[in-house]
Amino acid sequence: MLDDIATVIEEIRESYCRGCLRCTGDRADAWPAGDRRSDPRESIAIPFYLSPSSEDGQPTQAPVIAVTRDLSSRGIGFQCDEPIKGDFFIAEFDSPEAHTARLLLEIRWRQKKSPHHYVAGAHILRVLPDQV
């Protein structure tokens, strides 16, 4: 399962970088963040849909827009304008290739930075099938 997650994370990163190259002429490569984690994480800002869900990956509310702060094959750091309530979420990343990558997340920490700025870190539990 970890290999599936790592593959999807790399696809998300590469798809975003290709899209930036097409739109701006510059490739938005990520830079490694300095930390002691077992898996390297990459600082990169990618917009995605964030939906509260049940533990089995069924959405329970409408999605909000969030933006990654960093990604690794085990976790994701992100920020959004809405409070992060609940323990399980679905992260949906669109791609120029019309493929949607869906990940089931378990929130490990959350913090309110200001009235409309929330940050969180989540463990990636598994890749969810693309919805038809």
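Cut-offs applied
Residues numbered from 1 in each chain as written. Predicted model: local features only at pLDDT ≥ 70, side-chain atom pairs only at ≥ 80, totals over all residues. Heavy atoms only, no water. Helix = DSSP H or I, 4+ residues; strand = E, 2+ residues; numbered from the N terminus. Buried < 20%, exposed > 50% of the residue type's maximum accessible area, 1.4 Å probe, protein only. Contact = heavy atoms within 4.5 Å. Areas by Shrake-Rupley, 256 points an atom, 1.4 Å probe, with all protein chains shown as cover. Core = buried A, V, L, I, M, F, W, Y, C linked by side-chain atoms within 4.5 Å. pLDDT = per-residue confidence, 0-100. Pairing = 2+ DSSP bridges. Salt bridge = Lys/Arg side-chain N within 4 Å of Asp/Glu carboxyl O. Phe/Tyr/Trp six-rings, centres within 6.5 Å; stacked < 30°, edge-to-face > 60°.

### Notes on the overall build of the chain
Piece 1. Of the regular secondary structure elements, the chain holds 1 helix and 8 strands.
Piece 2. For the chain, the succession of helices and strands along the chain, N to C, is α-β-β-β-β-β-β-β-β.
Piece 3. In the chain, buried positions account for 41% of the 132 residues.
Piece 4. Of the contacts made within the chain by residues no fewer than 6 positions apart, 54% connect residues no fewer than 24 positions apart.
Piece 5. A total of about 7,800 Å² of accessible surface is found on the chain, and carbon and sulfur atoms cover 51% of it.

### Focus on the environment of Y16
Piece 1. Along the polypeptide, Y16 turns up in helix α1 (residues 2–24).
Piece 2. Distance from Y16 to F93, taken between C-alpha atoms, is 9.4 Å for residues 77 residues apart in sequence.

### Observations regarding the nonpolar core
Piece 1. Counting residues in hydrophobic clusters, the biggest one holds 26 residues, and the most contacted among them are I12, F48, F78, I84, F93, L103 and L105.
Piece 2. Mapped onto this core, the elements with two or more residues apiece are α1, β3 (47–52), β4 (64–71), β5 (75–80), β6 (88–93), β7 (101–114) and β8 (117–128).
Piece 3. Of the residues forming this core, the biggest block, 5 residues, is contributed by α1.
Piece 4. Ignoring any residue separated from it by four or fewer positions in sequence, one finds L105 in contact with L50, I76, D87, F88, F89, A91, A122, H123, I124 and L125.

### A few points about the confidence of the model for the chain
Piece 1. On average, residues of the chain score 84 in pLDDT, and 82% of them are at 70 or above.
Piece 2. Note on residues 30–37: pLDDT under 50 across the span, and 11 contacts to partners over four residues away in sequence or across chains.

### Digging into the pairing of β3
Piece 1. As paired strands, β3 and β4 are joined by 4 bridges and run antiparallel to one another. Counterpart to Y49 in the pairing with β4 is I65.
Piece 2. Pairing of β3 with β6 involves 4 bridges; the strand directions are antiparallel. Bridging across to β6, Y49 finds its partner in E92.

### As for the pattern of salt bridges
Piece 1. Counted under the stated rule, the structure contains 5 salt bridges.
Piece 2. Here the residues in one salt-bridge network are E10, R13 and E14, joined through shared partners.

### Considerations on the packing of aromatic side chains
Piece 1. This structure, assessed with the given rule, holds 2 aromatic pairs.
Piece 2. Between F48 and F78, the aromatic rings sit 5.9 Å apart at their centres with planes inclined by 85°, giving edge-to-face as the arrangement. Of this pair, F48 sits in strand β3 while F78 is found in strand β5, placing the two residues 30 residues apart along the sequence. Accessibility classification places F48 together with F78 in one group, the buried group.

### Here's the deal with the side chain of S15
Piece 1. Checked against the element boundaries, S15 lands in helix α1.
Piece 2. Setting aside chain neighbours within four positions, we find S15 in contact with S95, P96 and E97.

### Examining the side chain of R102
Piece 1. Tracing the backbone shows R102 in strand β7.
Piece 2. Using a relative accessible area of 5% as the deciding quantity, one classes R102 as buried.

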